[in-house]
Amino acid sequence: MNDLSQVSPHACVAQDVRLGTCVRVSAFVNLYGCEVGDDTRIGAFVEVQSGARIGSRCKISSHTFICQGVTIEDEVFVGHGVVFINDRTPHATNPDGQPQSESDWQLEETVVRRRASLGSGAIIMCGVEIGEGAMVGAGALVTHDVPPYAIVAGVPARLRRITTPGFTSAEPKPLESRGAFKKDASPADEPDGSQR
Ligand SMILES: CC(C)(COP(=O)(O)OP(=O)(O)OC[C@H]1O[C@@H](n2cnc3c(N)ncnc32)[C@H](O)[C@@H]1OP(=O)(O)O)[C@@H](O)C(=O)NCCC(=O)NCCS
């Protein structure tokens with residue numbers, strides 16, 4: 001670790017972690033065998049496994065899990081509680097009942113390209129590429145590659161639209177342009193008051 005990084009005394013950072021400069025690591029973070037680039041911020045209760053790589057100037061929000069085989073490029077936003085997956089068919093044991101070892105399962109790698117954003121609670125299935133500047137909606141289940149600058153959302157995630165480079169969602173949409181939940185129709189709502 002370098003002198004310019006701020007690592008909480010309550011974080012667990014293994015000796016083999018390669019931290020860049022000015023990295024901020026919050027309490028109860030668990031990092032081992034991974035790489036974290038300059039100026040990246042890591043929120044509380046995040047775990048990053050061996051072999052995972054996180055670029056520079058990223059923000060990794062609390063409660064996120066980043067597993068082996070995941071590469072996150074520079075300036076990526078990862079929301080709260082985002083989960084990456086690297087084993088499509090996980091098993092605790094082999095058919096003979098013995099606990100599985102590293103050689104008993106197949107790792108599938110995932111890459112998140114620069115300036116992409118992953119909404120809170122998203123689950124990223126293994127073997128996908130999330131394109132540069134793409135936006136993954138909160139709670140999405142990403143099962144396919146996401147094109148650059150695409151917005152995807154839902155379970156499974158579907159393409160909503162493609163934005164342009166430099167797109168920012170900082171400007172909230174006016175309330176009247178958003179849908180509102182409709183109250184269930186009750187008999188009293190019927191124009192003639194009739195029961196149906
Ligand atoms: C998906 C997202 C990027 C907005 O995309 P958008 O295309 O601009 O969506 P809109 O706000 O125009 O909504 C369009 C429709 O998608 C729905 N929608 C919005 N977000 C959704 C989501 N995450 N999952 C499923 N549907 C979503 C809306 O309800 C709306 O449906 P309706 O037309 O039936 O009312 C945004 O809602 C989102 O999830 N952002 C991530 C926020 C986040 O996790 N931040 C983390 C830090 S706090």
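Residues numbered from 1 in each chain as written. Predicted model: local features only at pLDDT ≥ 70, side-chain atom pairs only at ≥ 80, totals over all residues.

Caption draft 1: Expanded view of unusual backbone geometry. Look at the link from Val 155 to Pro 156: it is a cis peptide, with omega at -10°. Within the secondary structure, Pro 156 sits in the loop between strand E21 (150-153) and strand E22 (158-162). Unlike most non-glycine residues, Cys 22 shows phi in positive territory, near 55°. Along the chain, the position of Cys 22 falls in the loop between strand E3 (18-19) and strand E4 (24-25). Residue class for Cys 22 comes out partly exposed when judged on the 16 C-beta atoms lying within 10 Å of it. Phi is positive for His 63, close to 65°, though the residue is something other than glycine. For His 63, the position within the fold is in the loop between strand E10 (59-60) and strand E11 (65-66). For His 63, a count of 18 C-beta atoms within 10 Å puts it in the partly exposed group. (Helix = DSSP H or I, 4+ residues; strand = E, 2+ residues; numbered from the N terminus. Buried ≥ 20, exposed ≤ 12 C-beta atoms within 10 Å, placed from the backbone.)

Caption draft 2: Structural view of the sheet that holds strand E19 (residues 135-136). With respect to topology, 9 strands assemble into an open sheet ordered E1-E4-E7-E10-E13-E16-E19-E21-E22, the strand pairing being mixed. One side of each edge strand has no neighbouring strand; the edge strands of this open sheet are strand E1 (6-7) and E22. Across 2 bridges, E4 lies against strand E7 (residues 41-42) in parallel orientation. Paired with Val 25 across the two strands is Ile 42, which belongs to E7. (Pairing = 2+ DSSP bridges.)

Caption draft 3: Broad picture of the nonpolar core. Among the nonpolar cores identified, the biggest contains 41 residues, and Ile 54, Ala 122, Val 136, Val 142 and Val 152 are the most heavily contacted of them. Listing elements by their share of this core, those giving two or more residues are strand E12 (70-72), strand E17 (123-124), E19 and E21. Excluding its chain neighbours within four sequence positions, the residues that come into contact with Val 136 are Ser 117, Leu 118, Gly 119, Ala 122, Ile 130, Val 142, Val 146, Val 152 and Ala 157. (Core = buried A, V, L, I, M, F, W, Y, C linked by C-beta atoms within 7 Å. Contact = placed C-beta atoms within 7 Å.)

Caption draft 4: Spatial organisation of the environment of Thr 143. Mapped onto the elements, Thr 143 comes out in the loop between strand E20 (141-142) and E21. Apart from residues lying up to four places away in sequence, Thr 143 is in contact with Met 125, Pro 156 and Ala 157.

Caption draft 5: Layout of the sheet that holds strand E9 (residues 53-54). The 6 strands lie next to each other as E3-E6-E9-E12-E15-E18, forming an open sheet whose pairing is parallel. Each of the sheet's edge strands pairs with one partner strand only, and the pair in question is E3 and strand E18 (129-130). Taken together, the 2 bridges between E3 and strand E6 (residues 35-36) define a ladder with parallel strand orientation. Following the sheet pairing, Leu 19 is matched in E6 by Val 36.

Caption draft 6: Broad picture of the environment of Ala 116. Positionally, Ala 116 belongs in the loop between strand E15 (110-112) and strand E16 (117-118). Residue Ala 116 is classed as buried on the basis of its C-beta count, with 26 C-beta atoms lying within 10 Å. Along the sequence, Ala 116 and Val 136 sit 20 residues apart, while their C-alpha atoms lie 8.1 Å from each other. Contact partners of Ala 116, with chain neighbours within four places excluded, come to Val 76, Ile 130, Gly 131, Glu 132, Gly 133 and Ala 134.

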